Amino acid sequence: MSAAVTRRAALFGGLCLCCLPRPGFAVDALSTEEVAPGVFIRRGPDAEATPENADGIANIGFIVGRDGVLVTESGGSLADGQWLRREIARRTDKPIRYVMLTHVHPDHVFGAAAFRGDDPTFIGHAALRGALDARGDFYRQRLAEILGADKAGEVVYPTMEVKDGAEIDLGDRTLRLTAHGSAHTTCDLSMLDSGSGLLFPADLLFVGRIPSLDGSLLGWFKAIERLKATGAADAVPGHGPTRVAFAPAIADLTRYLSALRDGTREAVASGVPIEKAVRTVAQDERDNWALFDTYNGRNVTQAYQELEWE
């Protein structure tokens, strides 16, 4: 795809760029907080990225166990991953054993190269490799144009693929991984930490920042039910506060997705063209979400293409 492709054209052309640069905050001004014993998370800003924040807009962090460290998200660029690597070294000298690649979007995977020297297991959904093959070069090119090639990072593939579920043992705590069907993306992983009881749904849970639909709207509802079945009381969302009560947070997400589904179905049934639907569907949700005007239209486009064939 040409470097001249605009952000809006790319969004409506089917490539989610929810992590590519726009106004935000300097990554060096951020830090991790211990949200539970041994669990350190940095909140990403409720904004899109800039060269200054190095695409560091997602909630990223790490879990320290008796035998080593698991990185919950790698960061949005090589520079962001290097920042996280320094933060880990500041907190612990235990070896980094695992790096989670929760889905294909750049703000969650392009920091992975910063951890190559640790020789960890890179964990991803069984469908992540294909998604990276389809989009990785384009994402890398766009990041390089904005951040500079030395800061952008590179495509890192999973060395451990999760097809349904898996468990990671850090010695005194176990992480239970779940591979979901198409939902936020086609390759979403979630994780439950036995040590803290925290659920890590990655971008299957947005709080405050509007969700971005890049997989299946109906599939996302199925993923929500699987997340609820974990029984977790608290969660670390992919975007939003570093720790939230799970029930009200997932209820807010479900409300928006329901408005998107019901409004799109009504538009399809009434013969409203997609060009009009993007301006009318789910507008009652505008005041509830940051970046609503940036992403709701794309969400409607994705939902319309899925639901018109029900």
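Residues numbered from 1 in each chain as written. Predicted model: local features only at pLDDT ≥ 70, side-chain atom pairs only at ≥ 80, totals over all residues. Heavy atoms only, no water.

Peer 1: Just checking my understanding: could you explain the pairing of strand 10 (residues 189–193) for this structure?
Peer 2: Side-chain direction in a regular strand flips from residue to residue, so the side chains alternate between the two faces of the sheet. When you tally the buried positions in strand 10, you get five out of five residues, the bulk of the element. Side chains Leu189, Met191 and Asp193 project from strand 10 onto one buried face, and the interleaved Ser190 and Leu192 project onto a second face that is buried too. Strand direction decides the pairing type here: strand 9 (residues 174–179) and strand 10, joined by five bridges, are antiparallel. Looking at strand 10, one finds that Leu177 is bridged to Met191. Bridge count for strand 10 against strand 11 (residues 199–206) is two bridges, and the pairing is antiparallel. (Buried < 20%, exposed > 50% of the residue type's maximum accessible area, 1.4 Å probe, protein only. Helix = DSSP H or I, 4+ residues; strand = E, 2+ residues; numbered from the N terminus. Pairing = 2+ DSSP bridges.)

Peer 1: Teacher, can you tell me more about the sheet that holds strand 10 here?
Peer 2: Consider a sheet: its strands pair through backbone hydrogen bonds, and that pairing is either parallel or antiparallel. Within the open sheet, the six strands sit side by side as 8-9-10-11-12-13. Their pairing is mixed. Because the sheet does not close on itself, it has two edges, and the strands there are strand 8 (165–169) and strand 13 (244–245). Pairing between strand 12 (residues 234–239) and strand 13: two bridges, direction antiparallel. Residue Asp234 lies in a different strand from strand 13, and its bridge partner there is Ala245. Running over the sheet, helix 6 (residues 217–228) touches strand 9, strand 10 and strand 11 and is turned about 155° from strand 11. (Contact = heavy atoms within 4.5 Å. Axes fitted to C-alpha atoms, helices over the stretch in contact; angles between N-to-C directions.)

Peer 1: How should I be thinking about the packing of helix 7 (residues 246–269) against helix 9 (residues 292–307) in this particular structure?
Peer 2: Packed helix pairs are specified by the crossing angle of their axes together with the interaxial distance, meaning the distance between the axes. At a minimum axis distance of 9 Å, the contact between helix 7 and helix 9 shows a crossing angle of 55°. The angle between the axes of helix 7 and helix 9 places the two elements in the oblique class. Here the hand of the crossing between helix 7 and helix 9 comes out right-handed. Judged by residue contacts, Tyr256, Leu260, Arg261, Thr264, Arg265, Ala267 and Val268 of helix 7 engage Phe292, Asn296, Asn299, Val300, Ala303, Tyr304 and Leu307 from helix 9. Its residues assigned to classes, the contact of helix 7 with helix 9 comprises nine nonpolar, three polar and two charged. (Parallel < 35°, antiparallel > 145°, perpendicular 65-115°, else oblique. Left-handed = near helix turned anticlockwise from the far one by under 90°. Nonpolar A, V, L, I, M, F, W, Y, C, P; charged D, E, K, R; others polar.)

Peer 1: Which parts of the structure should I look at to understand the sheet that holds strand 7 (residues 160–162)?
Peer 2: The sheet built from seven strands is open, its strands ordered 1-2-3-4-5-6-7 with mixed pairing. Only two strands of the sheet have a single partner each, and these edge strands are strand 1 (32–36) and strand 7. Each strand of the sheet is rotated relative to its neighbour by a mean of 25°, with strand direction disregarded. By the bridge criterion, four bridges tie strand 1 to strand 2 (residues 39–42) in an arrangement that is antiparallel. Note that in strand 2 the partner of Glu34 across the bridge is Phe40. Docked against the sheet, helix 2 (residues 78–91) engages strand 1, strand 2, strand 3 (60–64), strand 4 (69–73) and strand 5 (96–101), running at close to 30° with respect to strand 3.

Peer 1: Can you help me understand the environment of Gln82 in this one?
Peer 2: Mapping Gln82 onto the fold places it in helix 2. For Gln82, a relative accessible area of 37% corresponds to the partly exposed category. Between the alpha carbons of Gln82 and Asn59 there is a distance of 15 Å; along the sequence they are 23 residues apart.

Peer 1: So what exactly am I meant to see when it comes to the environment of Thr254 here?
Peer 2: Within the element layout of this structure, Thr254 appears in helix 7. Excluding its chain neighbours within four sequence positions, the residues that come into contact with Thr254 are Phe221 and Ile224.

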